[in-house]
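# Topology and contacts: notes
Spelled out from the first residue to the last, the chains are:
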Amino acid sequence: LPLAVETDRKAGYALVRIGDQEVMLSPGELSDWVTITFKAAPGVKVSGNCRLLITEMDEHFSLYVTPINIDAEKPAMPISHPSYYATYLAKKIGPYATLGLAEDTWALNEGVIDDGTFLQQAYDIDGERQEMFFNALDRLRSGSLMCVFDATDRVQHMFWRYLEKGHPAAAGVENPEHADAIEDLYKHNDELVGRVMKRMKDGDMLMVLSDHGMASFRRGVNLNAWLQEQGYLHLKEGADGTAEWLTQVDWSRTKAFVLGLTGMFLNIKGRESRGIVEPGEEARRLKEELIGKLNGLMDTEKNEVGIREVFDTEHLYSGPYLENAPDLIIGYNAGYRTSWDCASGMVAGGIFEDNLKA
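This section reports on the structure supplied with the text. (Residues numbered from 1 in each chain as written. Predicted model: local features only at pLDDT ≥ 70, side-chain atom pairs only at ≥ 80, totals over all residues. Heavy atoms only, no water.)

## Some details on the nonpolar core
Core analysis: the biggest nonpolar cluster contains 35 residues, and Leu223, Trp226, Leu227, Met264, Leu290 and Leu294 have the highest contact counts within it. Within the residue set of this core, elements represented by two or more residues are α6 (223-230), β10 (256-258), β11 (264-266), α7 (281-294), β14 (307-312) and β15 (328-332). For this core, the element with the most residues is α7, which contributes five residues. Non-local contacts of leucine 294, meaning those with residues more than four positions away in its chain, are made with Leu223, Trp226, Met264, Ile307, Val310 and Ile330. Judged by nonpolar contacts, the second largest core, of 20 residues, contains Ala107, Leu119, Ala170 and Leu185. (Core = buried A, V, L, I, M, F, W, Y, C linked by side-chain atoms within 4.5 Å. Buried < 20%, exposed > 50% of the residue type's maximum accessible area, 1.4 Å probe, protein only. Helix = DSSP H or I, 4+ residues; strand = E, 2+ residues; numbered from the N terminus. Contact = heavy atoms within 4.5 Å.)

See the structure below:
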């Protein structure tokens, strides 16, 4: 996209031209939605929405652009059912976030945006959602209506670090401005529940549900590093284990691995493309061996148990998709979780490490 910037540092603002849009911005000010159009194929143009933020305008100029959202008014692909509903909402309330996870958690993790900007994103998206919800509620004559308000998820993920003294992800932050972000959001949501209750009629039912809870993440566990140390996972000759997605693993000698957040997988012959572990008795013995070694695994640096108990999914689950489940579920102690490196299939590094990401 063509991008041009004219800055007036003395006045403290910049004129940003992105595509055919002009936006006047001051540093730290998150713009409204900006619609941009670009070529997708010969003779085909698509539009998307993004927001802009000047993060520095002194010696250097830096501009943060949110991930581009599908333009609900002219969606490049169906994003609602019926397909015209997305456009109807855009006509009704204006542009709105359409990404599955529109709040930019990684921009906050990497320090590109600050706490306040992230909270503005979350509250703005929540406001869009409330407009959609009440528009639908006003039109509802019978039946049921369901709406997901996901700001509680996003804000708890990113601000839990301020709830605990000494959380490694909050190291060096004294008296954070947004230490009460989670409590403030629950008050905000409680007001929403109150607004809905005032509209309830005789015979109506209101249900408020959570799809999961929250817990601390202070220490990461790299079980791929542990598997290598114990001889269950091997790297290709000369590899250092720093590559992601297990690309340096020697599968001809590897019996178990971890990828993602779900658990541990065995390199089963006939199931994995280069499996070496025979299904049946060999796999059962290997699982018992791993469970015996991992139960009660100590984090010696903190003198705490990192893993309390490991579970064999063969005894937990049943059904036609059992083979898609991990072979072992790891029961971490409070404050522990799969490390970021382990989740992305990296082997190098220590087994235990502080979680430094928001």
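## Considerations on the environment of alanine 243
With respect to the helices and strands, alanine 243 occurs in the loop between α6 and β10. Sequence spacing of alanine 243 and threonine 338 is 95 residues, and the spatial spacing of their C-alpha atoms is 17 Å. The contact partners of alanine 243, leaving out residues within four places of it in the chain, are Gln248, Gly345 and Met346.

## Description of the pairing of strand β5 (residues 44-50)
Burial runs high along β5: five of the seven residues are buried. Pairing of strand β4 (residues 34-41) with β5, which is carried by seven bridges, proceeds in the antiparallel orientation. Counted as the bridge partner of threonine 35 is asparagine 49 from β5. Joining the antiparallel neighbours β4 and β5 is a turn of two residues, in which glycine 43 adopts a positive phi near 80 degrees. Two elements, β5 and strand β8 (residues 69-70), share two bridges in a ladder whose sense is antiparallel. Pairing of glycine 48 across the sheet is with isoleucine 70, part of β8. (Pairing = 2+ DSSP bridges.)

## With respect to a nonpolar patch on the surface
On the surface, a cluster of nonpolar side chains totalling about 300 Å² of accessible area is made up of Met197, Leu206 and Val208. Of note, valine 208 is situated in the loop between α5 (181-198) and β9 (217-221). (Patch = residues over 30% accessible without salt bridge, like charges linked within 9 Å, V, L, I, M, F, W, Y side chains within 5 Å. Areas by Shrake-Rupley, 256 points an atom, 1.4 Å probe, with all protein chains shown as cover. Salt bridge = Lys/Arg side-chain N within 4 Å of Asp/Glu carboxyl O.)

## Points about the layout of surface pockets
Reported here for the largest pocket is a volume of approximately 1,400 Å³. Lining the largest pocket are 39 residues, with Cys147, Leu206, Met207, Val208 and Leu209 positioned closest to its centre. Among the elements of the structure, α3 (115-139), α4 (151-159) and α5 are those that each provide at least two residues to the lining of the largest pocket. Roughly 730 Å³ of volume is contained in the second largest pocket. His157, Met214, Phe217, Arg337 and Trp340 are the residues nearest the centre of the second largest pocket, which is lined by 28 residues in total. Those elements that place two or more of their residues in the lining of the second largest pocket are α2 (105-109), α4 and β16 (335-338). Take the lining of the second largest pocket: its biggest share by element is five residues, from α4. Residue composition of the lining of the second largest pocket, grouped by class: twelve nonpolar, eleven polar and five charged. (1 Å grid on protein atoms, 1.4 Å probe; cavity = no way out; pocket = protein on both sides within 12 Å on 5 of 7 lines; lining within 4 Å. Points joined across faces, edges and corners; volume = space filled by probe spheres on them. Nonpolar A, V, L, I, M, F, W, Y, C, P; charged D, E, K, R; others polar.)

## Side note on the side chain of aspartate 299
Among the secondary structure elements, aspartate 299 is positioned in strand β12 (residues 298-299). The class for aspartate 299 is buried, based on a relative accessible area of 1%. When sequence neighbours within four positions are dropped, the list of residues in contact with aspartate 299 reads Arg219, Glu304, Gly306, Tyr336 and Phe352.

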